[in-house]
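Examination of the molecular architecture
Listed below are the residues making up each chain.
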Amino acid sequence: MKAEEHTHEFKKALGKLTGKKIVDIQFKPYNSNCWRIYITTDNGKVVMSFCRDWKHPELELRNFKQEY
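Below, the structure is looked at part by part.

Rules and cut-offs
Residues numbered from 1 in each chain as written. Predicted model: local features only at pLDDT ≥ 70, side-chain atom pairs only at ≥ 80, totals over all residues. Heavy atoms only, no water. Core = buried A, V, L, I, M, F, W, Y, C linked by side-chain atoms within 4.5 Å. Buried < 20%, exposed > 50% of the residue type's maximum accessible area, 1.4 Å probe, protein only. Helix = DSSP H or I, 4+ residues; strand = E, 2+ residues; numbered from the N terminus. Contact = heavy atoms within 4.5 Å. Polar contact = N/O pair within 3.5 Å; in protein donor to acceptor, adjacent residues only side chain to side chain.

**A few points about the nonpolar core**
Phe10, Leu17, Ile39, Val46, Met48 and Phe50 together form the largest nonpolar core, which totals 6 residues. Sorting elements by how many residues they give to this core places strand E3 (residues 44-51) first, with 3 residues. With near-sequence residues (within four places) excluded, Phe10 lies in contact with Met48, Pro57, Glu58 and Leu59.

**Examining the environment of Asp53**
With respect to the helices and strands, the residue Asp53 is situated in the loop between E3 and strand E4 (58-62). Among the residues examined, Asp53 registers a relative accessible area of 66% and is labelled exposed. Each C-alpha atom, one on Asp53 and one on Asn33, is 7.9 Å from the other, the two residues being 20 residues apart in sequence.

**Quick word on the side chain of Thr41**
Here Thr41 is to be found in strand E2 (residues 34-41). There is a polar contact of 2.9 Å between the side chain of Thr41 and the backbone nitrogen of Asn43.

Now the structure itself:
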């Protein structure tokens, strides 16, 4: 995936936080070079994973309710 495509997808996924109530944020290292930020909202959880040698962070939506 090209950098601009990755940036667009990342921005789109983070945009799902707009208007949501953030109820908890946790930061956890998961090895010597990587860490995760867990953002829990009233609509599900967003997990951002970062590693020093990655060009871009990864974003995962967990249990996010569909909006209609």
